[in-house]
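Analysis of the macromolecular model
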Amino acid sequence: MQNLSEISGNIVDVLNNRIYTGTIHIVDGIIRSIEENTNSYNNFIMPGFVDAHIHIESSMLTPYEFARVALLHGTVATVSDPHEIANVLGLKGVYYMMENAKGAMLKFNFGAPSCVPATTFESAGATLSASEIDELMQRDDILYLSEMMNYPGVLYKDAMVMEKIAVAKKYNKPIDGHAPGLRDQQAANYIAAGISTDHECFTLDEALDKIKYGMKILIREGSAARNFDALYPLLKDHYNECMFCCDDKHPDELLLGHIDQHVKRSVALGFDVMQVLKVACVNAVKHYKLKVGLLQRNDSADFIVVNNLKDFSVQQTVINGNIVAENGNCFLPKRSHQIVNHFNTTKSTATDFAIKAKTDTINCIVAHDGQLITGNEQIKCKIENGFAVADVSKDVLKMVVVNRYQSTKPSIAFIKNFGLKYGAIASSVAHDSHNIIAIGSNDDDLCRAVNLLIENTGGLSAVNGNDELVIALPIAGLMSDKDCETIGQLYGTIDRKAKEWGSTLRAPYMTLSFMALLVIPQLKLSDKGLFDGWEFRFTELFV
């Protein structure tokens, strides 16, 4: 890749809120001087985009492969939470991500996962103690304590939770939050514990409440959780308190764009371009003290060149003075990736998923497209030969969670709003413990979909009789060792398959992956049973 010594154009100085023409002089990857002039240029040189909170694992790509695509979209840095792989492999998983990111040029900034496992109400593959978090926090390349999902533990001052927060404070590193729906005094108490950000706001009032108490709000637009439409009004008066993030981004959508999409939408809505770029490029750098240049003298030469400040078509991405991507081509070479995993369960039989009806009424999970929150609806269940079964005529599907770390009896529930008319879909990407999660119209297809994942030690599957499709994710059951174009095309195929069979969701597999996320209300399913996120306790399937 080419090393730049100088570049000229319209320089977008976001820090000082001005645009001027000039030439940037670069020595050893550092901006040594900027010479203003009165020339005319068609290009715009601006700071690169930063994703303020993302789980790289959710792209189904290794960090290196993620970089090879994100660089094309002008992303120069991420604030990356390795929480997903940590739930599978513990410290070994965190170190895997950091090692794989080496040589990727994109500036990954990893945090120490605070909640592994996320709750005690599920079976994860590993735990991270406060002493292990201390081990991570001692490192200069671990910049923050990642999302504190156990907000009840914060509010009620759970000893282990407070010990982990104290570790972050000892090293003077930021603490990320995760508290959907928390309002008023509870929000104030949560923030007062030292928690500085939240990416889980799903209403404007909630976000304003948290800003009032001093919190930074991350405006999230991912593949499943899409909060931009609810939160973009913050950009008018609260751009200093906001950042952009994706949180989770599937490979087919990553091929199309990243944080650049947040920026385009914001500018198209009429918001001031410099204020939008502060949210997209600057605020995360300042908050997390990232070693990312912002087009100032003596900064690292990290920037992008775009065609204009409306379309933001990326012509070049430059990191440490190196042109790492140009006009749709990334200059990072292909490479192979080490396989690591934790998968130890035996195959299921269809009878494992049968459940005797105790009554004719159940608590049914209600999925919401574009949201991680779910509802709880008490409905009459369909009963055949004394067993509760799926009822596709009412869009009520059976859902199961199978422990991937040891052979145990699966947990069973029912879910609405997936729309599936035929077959079953399954995934070993199931936040946060990443057991196998599946939904289906019948037990035979459910069983086969689950077993395909066991045979492949992780992945995504779709089964409708003899029609079968599986995407193997051999790295921790979360990531592929392939490139984004390959895995993105495969994912697009399996996503279309689920929709052909009736799913009405925008991203059925991404939505499925969050149906075991107990820390997001209301009703979810872990491998140990049906869980009420508002009450933070197990609840009964049959009413």
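Further up the page is the structure itself.
Small disclaimer: the values here were computed from a predicted structure and weren't measured. (Residues numbered from 1 in each chain as written. Predicted model: local features only at pLDDT ≥ 70, side-chain atom pairs only at ≥ 80, totals over all residues. Heavy atoms only, no water.)

It is at 11 Å that the axes of helix H3 (residues 91-101) and helix H4 (residues 130-137) come closest, and there the two elements cross at 20°. Looking at the two axes, H3 sits roughly parallel to H4. Where H3 crosses over H4, the handedness of that crossing is right-handed. Between H3, through Leu 91, Val 94 and Tyr 95, and H4, the contact on the second element is made entirely by Glu 132, Glu 135 and Leu 136. Looking at the contact of H3 with H4 residue by residue, the classes come out as 4 nonpolar, no polar and 2 charged. (Axes fitted to C-alpha atoms, helices over the stretch in contact; angles between N-to-C directions. Helix = DSSP H or I, 4+ residues; strand = E, 2+ residues; numbered from the N terminus. Parallel < 35°, antiparallel > 145°, perpendicular 65-115°, else oblique. Left-handed = near helix turned anticlockwise from the far one by under 90°. Contact = heavy atoms within 4.5 Å. Nonpolar A, V, L, I, M, F, W, Y, C, P; charged D, E, K, R; others polar.)

With that settled, the discussion passes to the pattern of salt bridges. Within this structure, the stated rule accounts for 29 salt bridges. One salt bridge in this structure joins Asp 141 and Arg 139, with 2.9 Å as the shortest N-O distance. Among the salt bridges present, the one from Lys 482 reaches Asp 481, with a minimum N-O distance of 3.3 Å. The exposure class of Asp 481 is partly exposed, given its relative accessible area of 28%. What you see here is one network of salt bridges that share partners, running through Glu 221, Arg 226, Asp 229, Glu 253, Arg 265 and Arg 506. (Salt bridge = Lys/Arg side-chain N within 4 Å of Asp/Glu carboxyl O. Buried < 20%, exposed > 50% of the residue type's maximum accessible area, 1.4 Å probe, protein only.)

We now examine unusual backbone geometry. A negative phi angle characterises most non-glycine residues, just as the trans form characterises most peptide bonds. A cis amide bond, omega 5°, links His 431 with the succeeding residue Asp 432. Tracing the backbone shows Asp 432 in the loop between strand S23 (424-427) and strand S24 (436-440). The phi dihedral of Asp 28 falls on the positive side, at around 55°, and the residue is not glycine. By the secondary structure assignment, Asp 28 is in the loop between strand S2 (18-27) and strand S3 (30-36). Despite not being glycine, Asp 184 has its phi angle at roughly 55°, a positive value. Note that Asp 184 resides in helix H7 (residues 184-192). Exposure remark for Asp 184: the relative accessible area of 45% places this residue in the partly exposed category.

The strand order across the open sheet built from 8 strands is S18-S17-S22-S21-S24-S23-S25-S26, with neighbouring strands paired in mixed fashion. Two strands close off the open sheet at either side, each with one partner strand: strand S18 (375-380) and strand S26 (467-472). Direction aside, the axes of adjacent strands within the sheet are offset by 25° on average. In this structure, strand S17 (residues 361-366) lies alongside strand S22 (residues 411-416), joined through 2 bridges in parallel fashion. Note on S22: the bridge partner recorded for Val 366 is Lys 416. (Pairing = 2+ DSSP bridges.)

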